[in-house]
Amino acid sequence: MPLLLEYTPLDRVPVEVEGLTPDRTRSMSLAEVERHEIFHGNRRVPLAELFRISGDPADGAIHFVGDLSGVHRIGAGMTTGSILVQGSVGRHTGADMSGGTITIEGDASDWLGAEMLGGRILVRGNAGHLVGAAYRGARRGMQGGEILIAGHAGTEVGRAMRRGMLFVGGSVGDALGYEMLAGTIVVGGSAGARTGGGMRRGTIVLLSGEHPPLLPTFRYACRLKPPFLGMTLARVRSDRFALDESAIQADFDLHHGDFLSLGRGEIFVRVH
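Owing to the predicted nature of the structure, the values given are computational and were not obtained by experimental measurement. (Residues numbered from 1 in each chain as written. Predicted model: local features only at pLDDT ≥ 70, side-chain atom pairs only at ≥ 80, totals over all residues. Heavy atoms only, no water.)

(A) Quick look at a positive patch on the surface. A grouping of Arg139, Arg140, Arg163, Arg200, Arg201 and Arg264 is seen on the molecular surface, where their side chains present a positively charged patch. With respect to the helices, strands and loops of the structure, Arg201 is situated in the loop between strand S13 (184-187) and strand S14 (203-206). (Patch = residues over 30% accessible without salt bridge, like charges linked within 9 Å, V, L, I, M, F, W, Y side chains within 5 Å. Areas by Shrake-Rupley, 256 points an atom, 1.4 Å probe, with all protein chains shown as cover. Salt bridge = Lys/Arg side-chain N within 4 Å of Asp/Glu carboxyl O. Lys, Arg positive; Asp, Glu negative; His and termini not counted. Charge placed at Lys NZ, Arg CZ, Asp CG, Glu CD. Helix = DSSP H or I, 4+ residues; strand = E, 2+ residues; numbered from the N terminus.)

Structure below.
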């Protein structure tokens, strides 16, 4: 059975659980997991002080239970295995991960999958700002893998994204795909201002038909049915995310830009 961690908070002080990943815990005994040090504010404490712990660490899977919205860096740096969170999570979940799967049955806070290299993150609720983004001062954000979000997300989703696929079923805030280098972002709802600002390459697909206020440094190219869209949405559908199936056969307006950068980015906007 998986390693089960039931969160029993003492107060509202933030907690960081960096290093508590399936690839590391599978070689530990249950007693070693209980002694594993985490941060409670600026204080190091054993994991067992804040979590009820049971199950088998060697299983390669970790299940978190409870409202973990104040618990940060869940799955950060993981390379293999699976994490299931039955609740919401804090900041930097899945940051720098290179493999494995994280499933979140609630909401996720900011910096979800920041600078991730591979693996998959599935969010059944909403997400915060800077999903799959580069940290401040860094040149590259998400460089591989997939992030799928059923609900809405905040601003700067996919900032400086280099590779991979990012899907948001609901709406997103401003600066979607800002300074994007490559990869694919698909949004089911509306997008805010400065969509694709500074993007050099990459693809943004807007399924709702709500046309965002594109920057004047983008140019209309043509109207078409994107040949890759059916395959992309099939990957989303396989994980039980709701989709408007009519989008697969819909026409889209293609815009190229940002011509203040390399100008090879693509923004597809559905035509109603």
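So, next bit.
(B) Spotlight on the side chain of Arg270. In this structure, Arg270 sits in strand S17 (residues 265-270). Note on Arg270: relative accessible area 9%, which makes it buried. A distance of 3.5 Å separates a polar atom in the side chain of Arg270 from the backbone oxygen of Leu207. Of the polar contacts made by the side chain of Arg270, one reaches the side chain of Ser246; its length is 2.8 Å. Beyond its immediate sequence surroundings of up to four residues, Arg270 is in contact with Leu206, Leu207, Gly209, Asp244, Ser246, Ala247, Ala250, Asp251 and Phe252. (Buried < 20%, exposed > 50% of the residue type's maximum accessible area, 1.4 Å probe, protein only. Polar contact = N/O pair within 3.5 Å; in protein donor to acceptor, adjacent residues only side chain to side chain. Contact = heavy atoms within 4.5 Å.)

(C) Broad picture of the pattern of salt bridges. In total, this model carries 14 salt bridges according to the counting rule given. Ionic pairing is found between Arg52 and Glu6, a salt bridge with its closest N-O pair at 3.8 Å. Of this pair, Arg52 sits in strand S5 (residues 51-54) while Glu6 sits in strand S1 (residues 3-7), and the two are 46 residues apart along the sequence. Given the relative accessible area of 27%, Glu6 is considered partly exposed. For the salt bridge of Asp244 with Arg270, the shortest nitrogen-to-oxygen distance reads 2.9 Å. Of this pair, Asp244 sits in the loop between helix H3 (229-237) and strand S16 (252-257) while Arg270 sits in strand S17; the two residues are 26 residues apart in sequence, bridging distant segments of the chain. Three or more residues are tied together by salt bridges with common partners; here these are Arg136, Glu156, Arg159 and Glu179.

(D) Representation of the packing of aromatic side chains within the structure. Inspection of the entire model under this criterion finds five aromatic pairs. For the ring pair Tyr7 and Phe51, a centre distance of 5.1 Å and an interplane angle of 40° mean the geometry is tilted. Of this pair, Tyr7 sits in strand S1 while Phe51 is found in strand S5, placing the two residues 44 residues apart along the sequence. In this structure, Tyr7 and Phe51 share a single accessibility class: buried. Seen in terms of ring centroids, Phe228 and Phe268 are 5.6 Å apart; in terms of plane orientation they differ by 70°. Their pairing is edge-to-face. Note that Phe228 is positioned in the loop between strand S15 (219-224) and H3 and Phe268 in strand S17, a separation of 40 residues in sequence. The cationic tip of Arg219 hangs over the ring face of Phe259; the distance from NZ or CZ to the ring centre is 4.1 Å. (Phe/Tyr/Trp six-rings, centres within 6.5 Å; stacked < 30°, edge-to-face > 60°. Lys NZ or Arg CZ within 6 Å of the ring centre and 35° of its normal.)

(E) How the structure looks around the nonpolar core. Judged by nonpolar contacts, the single largest core of 53 residues is most densely connected at Phe51, Phe64 and Leu112. Among the elements that make up this core, the one with the highest residue count is S1 (three residues). Non-local contacts of Phe51, meaning those with residues more than four positions away in its chain, are made with Leu5, Glu6, Tyr7, Thr8, Val17, Ile38, Phe64 and Leu68. Counting 16 residues, the second-largest nonpolar core is a separate cluster that includes Leu148, Val205, Leu207 and Leu229. (Core = buried A, V, L, I, M, F, W, Y, C linked by side-chain atoms within 4.5 Å.)

(F) Highlighting the side chain of Ser208. Residue placement: Ser208 occurs in the loop between S14 and S15. Take Ser208: its relative accessible area is 19%, and that puts it in the buried class. Here Glu210 takes part through its backbone nitrogen, which lies 3.1 Å from a polar atom of the side chain of Ser208. The contacts of Ser208, once residues within four sequence positions are left out, are Val187, Gly188, Gly189, Ser190 and His272.

(G) Structural detail: the environment of Phe241. Counting through the fold element by element, Phe241 comes out in the loop between H3 and S16. Phe241 sits in the buried class, given a relative accessible area of 5%. Sequence separation of Phe241 and Thr101 is 140 residues, and the distance between their C-alpha atoms is 16 Å. Apart from the residues lying within four places of it in its own chain, the contact partners of Phe241 are Leu122, Val123, Arg124, Leu148, Ile149, Ala150, Phe167 and Val236.

(H) Here's a closer look at the sheet that holds strand S2 (residues 15-16). Spatially, the four strands line up as an open sheet ordered S4-S3-S2-S7, and their pairing is mixed. The two strands at the open ends of the sheet, each matched to only one other strand, are strand S4 (43-46) and strand S7 (71-72). Pairing between strand S3 (residues 37-40) and S4: four bridges, direction antiparallel. When the bridges of S4 are listed, His40 appears paired with Arg43. (Pairing = 2+ DSSP bridges.)

(I) The arrangement of the pairing of S1 in detail. Burial along S1 is one-sided: the residues Leu3, Leu5 and Tyr7 are buried and none of Leu4 and Glu6 is. The pairing of S1 with strand S6 (residues 61-65) spans four bridges and is classified as parallel. Bridge pairing in S6 links Leu4 to His63. As defined by bridge partners, S1 adjoins S5 across four bridges and the pair is classed as antiparallel. In the sheet register, Leu5 faces S5, and the bridge partner there is Ile53.

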